[in-house]
Amino acid sequence: MKPAIALVGDFSGTSVAHRAIPPALELAGQAEGCPVSWTWVPTASIRDAARDLAGFAAVWVVPASPHVNMAGALDAIRWARKTRRPLFGSCGGFQHLLIEFARSHAGLAAADTAETNPGGSELIITSLACSLVEETSPLRFTTGSRLRAIYGRDTAVEGYHCRYGLNAAYREKLAVAGLRFTAFDENGEVRAAELPEEVHPFFLGTLFQPERAALRGEAPPLARALVRAAAAASSP
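The rules behind these values
- Residues numbered from 1 in each chain as written.
- Predicted model: local features only at pLDDT ≥ 70, side-chain atom pairs only at ≥ 80, totals over all residues.
- Heavy atoms only, no water.
- Helix = DSSP H or I, 4+ residues; strand = E, 2+ residues; numbered from the N terminus.
- Rg over C-alpha atoms; globule rule 2.2 N^0.38 Å.
- Buried < 20%, exposed > 50% of the residue type's maximum accessible area, 1.4 Å probe, protein only.
- Contact = heavy atoms within 4.5 Å.
- Areas by Shrake-Rupley, 256 points an atom, 1.4 Å probe, with all protein chains shown as cover.
- Disulfide = S-S within 2.5 Å.
- Phe/Tyr/Trp six-rings, centres within 6.5 Å; stacked < 30°, edge-to-face > 60°.

A. View of the overall build of the protein chain. In terms of regular secondary structure, the protein chain is built from seven helices and 10 strands. Computed over C-alpha atoms, the radius of gyration of the protein chain comes to 16 Å, within 12% of the 18 Å expected from 2.2 N^0.38 for 236 residues, which places it in the range of a compact globule. When burial is assessed residue by residue, the protein chain has 56% of its 236 residues classed as buried. For the protein chain, the share of sequence-separated contacts (at least 6 apart) that also reach a separation of at least 24 residues comes to 70%. In the structure as shown, the protein chain presents an accessible area of about 9900 Å², 50% of it carried by carbon and sulfur atoms.

B. Fine view of the state of the cysteines. Summed over all chains, the structure comprises zero disulfides. For Cys91, which is in no disulfide, the shortest distance to another cysteine sulfur is to Cys162 and amounts to 4.7 Å. A relative accessible area of 4% means that Cys91 is categorised as buried. Between Cys130, a cysteine without a disulfide, and Cys162, which holds the nearest cysteine sulfur, the sulfur-to-sulfur distance is 12 Å.

C. Looking closely at the packing of aromatic side chains. Within this structure, the stated rule accounts for four aromatic pairs. The interplanar angle of 35° and the centroid separation of 4.7 Å between the aromatic rings of Phe141 and Tyr151 together place this pair among those described as tilted. Remark: Tyr151 occurs in helix α5 (residues 146–151) and Phe141 occurs in strand β6 (residues 122–141); sequence separation between them is 10 residues. Judged by its relative accessible area of 5%, Phe141 falls in the buried class.

This is the structure:
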């Protein structure tokens, strides 16, 4: 049976990232010799992640926010983190990985995003200094990180479609709680985070949208890594 991946988010046919994700997984499955299946799981349909996502080997929290049901997206992230299911979040998915981790591990119970709650007391996610809507930018990966190993090189150029990112005021607190920041732009701004493998087998998020490589006919390294992780998670 093919490993099944839940694509958690609210599908939109106008989203470049949403159009790119299925071919990204198709190409990744071919490249890894391990075809996978995937299902779009709208956030509004998630009332109990342990029940609603039980049949999935891995979770990809996809771009495009705000979510119809933010609580459902956070519940999916929490469930995957606690059950050690492979978990990847890109763009808005990355932002929500940070929020869930901040609430669960960094003592920031009111962690939120300025996109939907600009008056919040603990805004982990705030407006970027410069919008990254349909922009590309060079990245550098931290030595010894999972991202560095996945890409097999120190740098890459990736595309974005976002206006919000990590509030630097909370970076230290999240790092002390155990989150590793492992990709940065030319100005040193955080563009990805992960948990060490000894803590979670695959917990990784990127502000950039690596799935876009599939629209050029390329299997994105991160999609390949997620497919490998899903296959390992579904093995007896």
